[in-house]
Amino acid sequence: MADKQSARLAYQMIHSHFGPVVAKVASCLLLRGRLPFAQLVRLSAVPPKDVRLALLILIQHNIVWHCESETDGEVYEINWEEPIARLRFGRYLMIAKENVGEQASEIIETILDHGKLRMNQVVERLSHGDAKRSKSYKSTFHTLVESKYLRPSTPRSHISPRDRLIQYEAECKKERIAKIGSAVLMPKDLIEIKIMAGNRIQKEEEEADALAMVVKPKAQDTRPGRKKAAEDEMVVNEEIYFKVNYPKFNTCIRNQIIVQAAQHRYNIQTAEVLRAALKACEHKQINLLDLRSDPITSHLISPHISPNVDLSPGIRASSRSKKGSATVKDYISILCNEDNPTPSGAASAFMAPVSSGGGGHGRVTVEFDVIGRRLKMRVLESNVRERFGDDAVKIVRILVEKGKMDEKHLAKVALMAPNTLRPLLTHLSSASLVFLQEVPRLADRNPSRTIYLWYVDLAKAYSNLISALYQTLANIVTRDRDEQENVRPVLDKRDRSDVNGDERLLGRGEITMLREWEDKQERLNVLAMRVEENLFILRDMMGDPEPNR
């Protein structure tokens, strides 16, 4: 189940996109977990017909799972991450337009509006009966499926992954007990059962993805003298429903954030080389679980560098001018921090050379885990700086680097007076950013004979910060809806058939209200995008904190 703040944000998103009735049904699932239909009707106080329609809408948009239970029959459970992901729909459309084209953005928008659709349904809605446009949209749809931006929606995708994992673990456990003839399983057997269940789910996902494309045999050429055999062609399966593959789009968002971080640290040219490196291995990036990219060389990076970017001004060249892959290698050396071969240099690098077994041959990888750990720390520091100032950031950095320290030692290392340090530690502790560890000298735990050590638990700090970001996003969505309700009469008047969007037919005061509302909406959207990017870094990107020392 979702926590308080994430459930509130999910409710606000469902209310904004689907209305109050659907949000009321979803609220019961968010607060109470999985429920059968009868209890859902009783707890939501919504007529059964409306509850059934609300569930149909939520299932169509992949927000609700449903499965058969032995005790309650068919039960429903909400996927709370799905409505929160709707905050990124605008970025998904922009990515589709940049990577594939305008028609790809229209296809993605249509599928996002309807949850899941067949290819022919999408093409009919966009082509309006034009045969030429229909062929073009089918080609773009094929590209999106081939590039994994779209994936099939199968009946198993409507069942909670946790339920499937529990079911497969139980089946594997029965098979193992029947095989060894004993009901007592060793820890090694339990670990193998979990691995087998996970592999089974992964195999089912691969089989589902394989349904996206089918083989269409080409007609044989029967003319005399033609001996060349016709080749089979892979086409999109027209019987399968497709939905947007969020993990694939999330990899593109991650790559954009990494490139922006490189530009912020170095310059445009270095960021362009890193962007080209990510582009060279983008086809193999399916989700955000990779610790690093596939190995690539400078020869694979060079073709993806934009011709509009001149790499020469970004680096001071030697007397002999360098061109082509030689310049790219210099930028790769900078991104690998080859001038600082220390642990701190490796922790601040964007790339790392592949040298396992001496067979690297100039290949490098983009270190997603290292970059993610650094970006998460930067988000935490920016939050601390905004709330408590630069001295608080200094304290957090020292505690993260040195580990647990008492107040006197921390004041000495931070070069701060104790009467200045103590209030900052109190504020940071009340914000759940630093924590206190008691180390008693004797068994009686007398406070006067107890050592108090301050430390930063990054996992807890990130969790509390994520909850705060959820709360901020929920407030933004609520404020946006309230501002829209304030100008609802003017919006309804503008949308009337006799006005038809012509603002010249509105009064001067009404036009002023619309301009003020549009300005507020733009500001709120920009703020939501910035907060959601920080949430994406903390929650979705790799770079989990190391265990406390």
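Residues numbered from 1 in each chain as written. Predicted model: local features only at pLDDT ≥ 70, side-chain atom pairs only at ≥ 80, totals over all residues. Heavy atoms only, no water.

Our next topic: the layout of surface pockets. Within this model, the largest pocket holds a volume of roughly 1800 Å³. Taken together, 50 residues line the largest pocket, and the ones lying closest to its centre are R151, E205, K243, N245 and P247. No other element matches the nine residues that helix α11 (residues 187-210) contributes to the lining of the largest pocket. (1 Å grid on protein atoms, 1.4 Å probe; cavity = no way out; pocket = protein on both sides within 12 Å on 5 of 7 lines; lining within 4 Å. Points joined across faces, edges and corners; volume = space filled by probe spheres on them. Helix = DSSP H or I, 4+ residues; strand = E, 2+ residues; numbered from the N terminus.)

The subject of this paragraph is the packing of aromatic side chains. Applying the stated rule across the entire model yields nine aromatic pairs. Taking the centre distance of 5.4 Å and the plane angle of 80 degrees together, the rings of F141 and F242 count as edge-to-face. Remark: F242 occurs in strand β7 (residues 241-244) and F141 occurs in helix α9 (residues 131-146); sequence separation between them is 101 residues. Across the pair, exposure class does not vary: F141 and F242 are buried alike. Counting every residue linked through ring pairs, the aromatic cluster contains F89, Y92, Y149, Y246 and F249. Here the guanidinium or amino end of K404 rests over the ring plane of Y455, the centre of that ring lying 5.0 Å away. A cation over an aromatic ring shows up here: K460 above the ring of F435, its NZ or CZ 5.3 Å from the ring centre. (Phe/Tyr/Trp six-rings, centres within 6.5 Å; stacked < 30°, edge-to-face > 60°. Buried < 20%, exposed > 50% of the residue type's maximum accessible area, 1.4 Å probe, protein only. Lys NZ or Arg CZ within 6 Å of the ring centre and 35° of its normal.)

Turning our attention to the nonpolar core. Judged by nonpolar contacts, the single largest core of 133 residues is most densely connected at F141, L150 and L380. Among the elements that make up this core, the one with the highest residue count is helix α21 (residues 458-486) (11 residues). Here L150 is in contact with I107, I108, I111, F141, L144, V145, F242, K243, V244 and N245, once residues within four sequence places are set aside. (Core = buried A, V, L, I, M, F, W, Y, C linked by side-chain atoms within 4.5 Å. Contact = heavy atoms within 4.5 Å.)

Relative to the 18 Å expected for 13 residues at 1.5 Å per residue, helix α18 (residues 390-402) spans 18 Å between its end C-alpha atoms, a close match to the ideal helical length. Buried residues of α18: A392, V393, I395, V396, I398 and L399, and no others. Among the structural elements, α17 (368-388), β10 (405-406), α19 (407-414), α20 (418-430) and β12 (450-455) are those in contact with the buried residues of α18. (Expected span 1.5 Å × (residues − 1).)

Attention now goes to the sheet that holds strand β1 (residues 35-36). The three strands are arranged β1-β3-β2 in an open sheet whose pairing can be described as antiparallel. Each of the sheet's edge strands pairs with one partner strand only, and the pair in question is β1 and β2 (64-69). (Pairing = 2+ DSSP bridges.)

The next point concerns unusual backbone geometry. In this structure, N62 takes a positive phi of about 65 degrees despite not being glycine. Looking at the element boundaries, N62 is found in the loop between α4 (48-60) and β2. Its identity is not glycine, yet L415 carries a phi of approximately 55 degrees, on the positive side. Among the structural elements, L415 can be located in the loop between α19 and α20.

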